[in-house]
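# Remarks on the overall topology
The primary structure of each chain is shown beneath.
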Amino acid sequence: MAKGSVSASVIRRLPRYYRFLRELGEAGVERISSGDLARRMGLTASQIRQDLNCFGGFGQQGYGYNVQSLYEEIGRILGLGSHRKAILLGAGNLGRAISQHMDFLSRGIELVGILDANPDLIGCQIGGITVQNVQTLYDFCTRVHPDVAILCIPKEAAMRLSRELVALGIKGFWNFSHYDLSLDYHGVVVENVHLGDSLSILCYHLSEMERNPEEDQHPES
Ligand code: NAI
């Protein structure tokens, strides 16, 4: 498998391949050509072949792709089979929604703790997990050793806590706070999520469509 050289845009497409392949498998499709997969996903066949060639191909001339094995391969490339422990900081509106509605286990992640600073929330149950006082963060992390921190806290709190979390062994941040965590820590990866950016991209495509009504827009590719 290619290491370190795969472009960010290819990596961003992998979860989408994974999702489509899972749905195809559930629908009983055993194999699929790159052309058919491309049509369903709104991509081109050559883009799919190029993307998958970054990891060694997987297709066979005249056969296409075996849906189940490609699904498993992409899951393996994404590292979804690993067992990682995550803590969530901030049991407010967003934190509650994420902890209750995200299917962590299918991504190899176990949500092991939820921490907050608000005394009214400490002790509450969210999805079977008791919200703990963020002041117990050190004790919790040295006992449970989580790998991932999900930040659903305000920007200032994320700025303050991120360094401490790295010192406590956190290797990956799924960061919803509007603080753009940068990669100034060796051996730590960050995925900053801004739903507002996604909405802005929708606005861009809508404006483009209004400016050029005759042109096809391909926001997904
Ligand atoms: P909220 O106010 O409902 O929840 C924030 C929670 O963080 C509160 O329960 C608060 O007690 C807790 N908190 C504050 N300081 C803390 C600390 N030092 N340690 C632990 N917990 C702490 O806010 P909401 O709506 O859940 O949003 C959370 C954050 O995410 C906000 O900063 C908001 O701007 C941001 N946000 C980001 C989005 C994105 O797409 N990235 C989308 C929506 C919200």
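Residues numbered from 1 in each chain as written. Predicted model: local features only at pLDDT ≥ 70, side-chain atom pairs only at ≥ 80, totals over all residues. Heavy atoms only, no water.

## Observations concerning the packing of aromatic side chains
We describe a pair of aromatic rings using the distance from one ring centre to the other and the angle between the two ring planes. Selection rule: Pairing of aromatic side chains requires ring centres within 6.5 Å, counting the rings of Phe and Tyr and the six-membered ring of Trp. Pairs whose planes differ by under 30 degrees are stacked, by over 60 edge-to-face, and all others tilted. A helix here means a DSSP run of H or I that spans at least four residues, while a strand means a run of E at least two residues long, and both kinds are numbered starting from the N terminus. Buried means the residue's accessible area, taken with a 1.4 Å probe over protein chains only, is under 20% of the maximum for its type, while exposed means over 50%, and partly exposed covers the values in between.
Under the definition given, this model contains two aromatic pairs. Ring centres 4.4 Å apart and planes at 15 degrees place the aromatic pair Tyr18 and Tyr71 in the stacked group. Of this pair, Tyr18 sits in helix 1 (residues 8–26) while Tyr71 is found in helix 4 (residues 67–78), placing the two residues 53 residues apart along the sequence. When its relative accessible area of 17% is taken as the criterion, Tyr71 is described as buried.

## Focus: the environment of Gln68
As a reminder of what qualifies: Pairs of N or O atoms are called polar contacts if they sit within 3.5 Å, as long as, within protein, a hydrogen donor faces a hydrogen acceptor (for residues adjacent in sequence, only side-chain-to-side-chain pairs).
Structurally, Gln68 can be placed in helix 4. A relative accessible area of 43% places Gln68 in the partly exposed class. Linking Gln68 and Asn133, residues 65 residues apart in sequence, is a C-alpha distance of 43 Å. A distance of 2.7 Å separates the side chain of Gln68 from the side chain of Glu72, its partner in a polar contact.

## Some words on the site of the ligand
To keep things clear, this is the line we draw: Note on definitions. A residue lies near a molecule or strand when any single heavy atom of the residue is within 4 Å of it. Calculation of accessible area relied on Shrake-Rupley with a 1.4 Å probe; when residues are assessed, cover is drawn exclusively from the protein chains displayed. Residues are grouped as follows: nonpolar covers Ala, Val, Leu, Ile, Met, Phe, Trp, Tyr, Cys and Pro; charged covers Asp, Glu, Lys and Arg; every other residue, Gly included, is treated as polar.
Lining the immediate surroundings of the ligand are 21 residues, of which Leu94, Asp116, Phe176, Val193 and Leu195 lie closest. Between the ligand and the protein, one listed contact pairs an oxygen atom with a backbone N or O atom of Asn93 at 3.0 Å. Take Phe176: an N or O atom from its main chain is 2.8 Å from a nitrogen atom of the ligand. Protein chains bury 73% of the 850 Å² of accessible surface belonging to the ligand in isolation. Among the secondary structure elements, those contributing two or more residues to the shell around the ligand are helix 5 (93–101) and helix 7 (155–167). Broken down by element, the residue count for the shell around the ligand peaks at three residues, all from helix 7. Across the shell around the ligand, the residue classes tally to 13 nonpolar, six polar and two charged.

## Some points on the sheet that holds strand 7 (residues 148–151)
Defined as follows: Only when DSSP finds a minimum of two bridges between them are two strands counted as paired. Residue contacts are defined here by distance: any two heavy atoms, one from each residue, within 4.5 Å place the two residues in contact. Structural elements are reduced to axes, namely lines fitted to C-alpha atoms, with helices fitted over the stretch in contact, and the angle between N-to-C directions of any two is expressed from 0 to 180 degrees.
If you walk across this open sheet you meet the seven strands as 5-6-4-3-7-8-9, and the pairing is mixed. A single partner strand is all that each edge strand has here, and the edge strands are strand 5 (125–126) and strand 9 (189–192). With four bridges joining them, strand 8 (residues 172–175) and strand 9 adopt parallel strand pairing. Directly across from Asn175, in strand 9, lies its bridge partner Asn192. Strands in contact with helix 6 (residues 137–144) are strand 3 (84–89), strand 4 (109–116) and strand 6 (129–133); relative to strand 3, the strand with the most contacts, it is inclined by about 170 degrees.

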